[in-house]
Amino acid sequence: MAVNGKKIAVYVLVVFILYVIITDPEKAAEYVEIGFEGISDAAKAVGDFFTWLADGAH
């Protein structure tokens, strides 16, 4: 039953994403940009953390 719920959630998400892209491509591009900025910031934070650890964590 949980697998079916996951499949339904994925399908709903895909349909929503396609709807946003088709109805407002400029807004969809903004969402993608925001997402990539978030991923970039997270990766930079992880890199900073490991640099801090490698430097002796002080």
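Use the structure listed above.
Conventions and cut-offs
Residues numbered from 1 in each chain as written. Predicted model: local features only at pLDDT ≥ 70, side-chain atom pairs only at ≥ 80, totals over all residues. Heavy atoms only, no water. Helix = DSSP H or I, 4+ residues; strand = E, 2+ residues; numbered from the N terminus. Salt bridge = Lys/Arg side-chain N within 4 Å of Asp/Glu carboxyl O. Buried < 20%, exposed > 50% of the residue type's maximum accessible area, 1.4 Å probe, protein only.

Participant: Got a minute to help me understand the environment of G47 in this structure?
Facilitator: Assignment of secondary structure puts G47 in helix α2 (residues 25–54). Considered as a pair, G47 and H58 are eleven residues apart in the sequence and their alpha carbons are 16 Å apart.

Participant: How should I be thinking about the pattern of salt bridges in this particular structure?
Facilitator: Side-chain pairing between opposite charges can occur once the charged atoms of the two side chains come close. Within the structure shown, the criterion is met by two salt bridges. In this structure, the salt-bridge partner of K27 is E30, at a minimum N-O distance of 3.7 Å. Taken as a pair, K27 and E30 lie in helix α2 at a separation of three residues, close to a single helical turn. On the basis of relative accessibility, which here comes to 40%, the residue E30 falls in the partly exposed class. Note that K44 is salt-bridged to D48, the shortest N-O span being 3.0 Å. Here the residue K44 and the residue D48 both occupy positions in helix α2, the gap between them amounting to four residues, near one helical turn.

Read these as layout, nothing more, since geometry by itself doesn't imply function.
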